[in-house]
Amino acid sequence: MTTPPSQPPPQNTVRKLVVEVVDARDLLPKDGQGSSSPYVIADFDGQRKRTSTKFRELNPVWNEPLEFIVSDPKNMDYEELDIEVYNDKKYCNGSGRKNHFLGRVKLYGSQFSKRGDEGLTYRPLEKKSVFSWIRGEIGLRIYYYDELVEEEQPPPEGQPPPNQPPPEEPSQNTPAVVVVEEGPTFEVPGHGQTCHPVPEHYHGQPPPVTIIEESPPHVVQVPPDPPHYAPPDEPIPTVEVMKMQSAGVERVKVLKRRYGEFSPRVINTGKASGETATAERIHPYNLVEPMMYLFVKIVKARGLAPNESPYVKIRTSNHFRKSEPAFHRPGEPTDSPEWNQVFALGYNKNDSANALLEISVWDSHSENFLGGLCFDLSDVPVRDPPDSPLAPQWYRLESGPPEQGNRISGDLQLAVWIGTQADDAFPEARSSDAPYVAHTRSKVYQSPKLWYLRVTVIEAQDLHIAHNLPPLTAPEIRVNAQLGCQSVRTKRASMNNHSSSFHWNEDLFFVAGEPFEDSLILLVQDRTSNEAMLLGHIMIPVSSIEQRIDERHVASKWIALEGRSEGGCSCGPYCGRIQLRLCLEGGYHVLDEAAHVCSDFRPTAKQLWKPVIGILELGILGARGLLPMKTKNGGKGSTDAYCVAKYGKKWVRTRTITDSFDPRWNEQYTWQVYDPCTVLTIAVFDNWRMFADVSEDKPDWRIGKIRIRVSTLENNKVYTTSYPLLVLTRSGLKKMGEIELAVRFACPSMLPDTCSVYGQPLLPRMHYLRPLGVAQQEALRGAATKMVAAWLGRSEPPLGPEVVRYMLDADSHTWSMRKSKANWFRIVAVLAWAIGLAKWLYEIRRWKNPVTTVLVHVLYLVLVWYPDLVVPTGFLYVVLIGVWYYRFRPKIPSGMDTRLSQAEAVDPDELDEEFDTIPSSKPPDIVRMRYDRLRMLAARVQTVLGDFATQGERVQALVSWRDPRATKLFIGVCLVITLVLYAVPPKMVAVALGFYYLRHPMFRDPMPPASLNFFRRLPSLSDRLM
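Remember, predicted model here, so these are calculated numbers, not experimental data.

A.B. asks: Explain the overall build of the protein chain here, please?
C.D. replies: In terms of regular secondary structure, the protein chain is built from 14 helices and 43 strands. Out of the 1026 residues in the protein chain, the part that is buried amounts to 42%. Counted over contacts in the protein chain with a minimum sequence separation of 6, partners at least 24 positions apart contribute 72%. Element-wise, carbon and sulfur atoms account for 56% of the exposed surface of the protein chain, whose accessible area totals about 56600 Å².

A.B. asks: Sorry, what's going on with the environment of Val 927 here?
C.D. replies: The topology assignment puts Val 927 in helix 11 (residues 924-956). For the pair Val 927 and Glu 913, spaced 14 residues apart in sequence, the C-alpha to C-alpha distance is 9.1 Å. Beyond its immediate sequence surroundings of up to four residues, Val 927 is in contact with Ser 920 and Lys 922.

A.B. asks: Is there a simple way to explain the sheet that holds strand 39 (residues 664-673) in this structure?
C.D. replies: The strands that make up a sheet pair up through hydrogen bonds in the backbone, lying either parallel or antiparallel. Strand order in this open sheet of 5 strands is 14-42-43-34-39, and the pairing throughout is antiparallel. Here the strands that pair on one side only, and so sit at the sheet edges, are strand 14 (265-266) and strand 39. Pairing geometry for strand 34 (residues 614-624) and strand 43 (residues 732-746), over 9 bridges, is antiparallel. For Gly 622, the partnering residue across the bridge sits in strand 43 and is Glu 740.

A.B. asks: Can you help me understand empty space enclosed by the protein in this one?
C.D. replies: In this approach the atoms are scanned with a rolling probe the size of a water molecule, which exposes any empty space left behind. The tally for this structure, following the rule as stated, stands at 4 cavities of 30 Å³ or more. There is about 100 Å³ of room inside the largest cavity. Along its surface, the largest cavity is lined by 10 residues, and Gln 111, Gly 119, Thr 121, Arg 123 and Ile 142 are the ones closest to its centre. Every element with two or more residues in the lining of the largest cavity is listed here: strand 8 (121-124) and strand 9 (137-150). Per-class residue counts for the lining of the largest cavity are 4 nonpolar, 4 polar and 2 charged.

A.B. asks: Would you mind showing me how to read a nonpolar patch on the surface here?
C.D. replies: On the surface, Val 854, Val 858, Val 862, Trp 865, Tyr 866, Leu 869, Val 976, Val 980, Val 984 and Met 988 cluster together into a nonpolar patch covering about 860 Å² of accessible area. When residues of the nonpolar patch are traced back to their parent elements, those giving at least two are helix 8 (850-865) and helix 12 (964-983). With 4 residues, the top contributor of residues to the nonpolar patch is helix 8. Position of Met 988 among the secondary structure elements: in helix 13 (residues 986-997). By relative accessible area, Met 988 is classed as partly exposed at 43%.

Thresholds, definitions, all that
Residues numbered from 1 in each chain as written. Predicted model: local features only at pLDDT ≥ 70, side-chain atom pairs only at ≥ 80, totals over all residues. Heavy atoms only, no water. Helix = DSSP H or I, 4+ residues; strand = E, 2+ residues; numbered from the N terminus. Buried < 20%, exposed > 50% of the residue type's maximum accessible area, 1.4 Å probe, protein only. Contact = heavy atoms within 4.5 Å. Areas by Shrake-Rupley, 256 points an atom, 1.4 Å probe, with all protein chains shown as cover. Pairing = 2+ DSSP bridges. 1 Å grid on protein atoms, 1.4 Å probe; cavity = no way out; pocket = protein on both sides within 12 Å on 5 of 7 lines; lining within 4 Å. Points joined across faces, edges and corners; volume = space filled by probe spheres on them. Nonpolar A, V, L, I, M, F, W, Y, C, P; charged D, E, K, R; others polar. Patch = residues over 30% accessible without salt bridge, like charges linked within 9 Å, V, L, I, M, F, W, Y side chains within 5 Å. Salt bridge = Lys/Arg side-chain N within 4 Å of Asp/Glu carboxyl O.

Rendered as structure tokens:
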């Protein structure tokens, strides 16, 4: 039954949804004894309730109402109600390891009825997947109503505050208190404050408490790690008491835990009612919300009173800023200082109707007042972004209060206007009082252009080898190549018997970055003895090496060696020569990210780039409910958060919002997309460098990271989503807050260029013509990560190496028991369809459903008799599966999956091992224990590999005559099968084999078949292992 869209209730009412679970019919037996013990779980608006369990009943009757609070009545029509039926494993006599799924029903808010219009409806139970076996129906009565709430009146004067305990009275008629947990909230009442349950001693004698929420949300509780701050004694939050008219109970509203949700959710980004038309007009972006700012540009002054180093104070009703001391140009008088600083102050038109802007100039040494100005904010002009910057003007400085008694003279050049974050002056504007304000501004960075340097060491001649070698001992000559912090050594050279030349023919790879300022150093060493002896060296500037973008041949060169040996003997002016082939490879893509989360696959050479297929737009709206990361002002918790996004070669960094747990950035950035099968990475950090000197090394602390795969975004659709910020620490999984993003992939729908990308190779051409080894790529990736970190660390403000390594997943290849388990369960999930198909086929063979088995027989006869229909039927089945799963497609881009990552219930020792350094820094007994655990795991893997090898060797033993009798029997059976197939039509044979395989269990022997027994008796090579 559907109803018209529900009207929102008045502000002094609370809407409730009642789901009355009446009964269920004809449920599926799941306990292995022909019955089930069902119970029902209902999930609505983040609240989860369950009914009681009915013991061994396939037609249970509950008649239990489940009540939910509707947090947003305006959007109730779009909320989902999930009702699932399970079989309780506690009543399965220990045979079940989990609660069996019996069916589900999904309803939407538009299907709910108002109280009085509801009726009992029976809805069929649905499946979770294609291979689920579900039957039965469930009877539900669903309705909603609005309950009137009386707001608590303020106490009259002379009475004690409500938070003080009342005097003790007889508690015989004390009404019950009903505690209701509301949906997730992200409004923090104050810096460093969190919501705690009210202790009993806080209210004096506590009344009886009835908790409606039966199962609490899933919360991972871990102790905080340094430098995270957790106040030891936090104030107890105020509890709101609401009295209901319909019942004589008091309802206490307690805020629900904020960190219980680990999945992304859609957020509402509608325009606020207080926004003006001007703000919408001047803001050019449509993914973020416009934020109004008051811009003050202080340029310079002239004719000031005598001073040493003046500075400017800017004050409004809500803000106070101080400029840096002015500087004087050489040769100019000291009464004409210059600042050239822009300040951005938060602006609200409603609060600034009658406000004033005060600008004053002061001497930093004597703190003397040098003059000031005053502006009415209602007269400040609004600047549109397409317009040119507002021209600064000269204003005469005015005197202050008479008691200051200072001589005022001079003019101040400045400009004042109102704009948004889209203003040209906003990126360089000063909006914080941090000691190093440059670290708080938003910036865009570019990664360096990286090349692969291929050094082919071919041959060396005329080397000065020591003559005192033992008999029949060949010298061990190696070449050690160095480029910056990279060092690679060749294998041992092979010596020619007819000449004194040494041969390698080995390729060495390095990562070189533009501009090419380093030099390649090659050292030819004799490592025959314990100490390496230098035979010669050469130094080649990288800028002089030839570049190529394809597989064309590069000519080799003979280069003379220079230098002396380490023993001190002179080698003369000529120390030999070496043949090299050098080239900078522009046809490769230099990997600096993990391959599975790579954001760009373009080659280094720009001539090989493919055309752009779309534009990726990212709006970084803000964050909610961040945890305190540091302490300020005598122990108060604080967070100074900024966001970093990386896609391709372009990095963006938002401005730092100081001292806020709910920062709002509202910054929008764009990237060109060359390949949709790439990943956008966004992370949030806490800024520590803005309080540190350049000489100090205070890394920024990570708050959380998410990844968005571009190929999962639909064309030209805006996704506005809130993602949880999760961090895995030594103490466990921790939710640090949530980040709100708006993403859009602007791409022409289904153009040939877009579709053809999916048929092209993922990597450039050179990766397939001359591929690199896996270990070699990992080593080069580590070098590329270091070069990118060093490059971005030289910017202003710098991106620290800890930020770059976290964004590039530099430690993704390290060993982790948790990741190994996650990969194993991923394999199990991939093979789940095959397991489900095998179970379905087994049930068909067992004739559990005779009708289905007969239909399978008929279908098999049709396919055997008309084999031309096999392939089209298979592809048609795939099409139908794809169309069926379209209704289950993800509605929003997914974030980090804690269940897939095995992060919800990870062992603490495994986490400690994952965060351990290499080499290990743990005591020897812990290292020994972990080594033994790894040996046990390797033993299991060894056993599984041995079983696979055994089955393969048994197949080989069929014709290898290792077991002569078995081979004779196999050859004889094959001969009989050959004669039968020659004499009998193939269709008849296929029908006979199929019917024999699907025969009824009454004609089936419970023992294994003879063919399987014969195969298991075949010999393998396992008995030859020592």
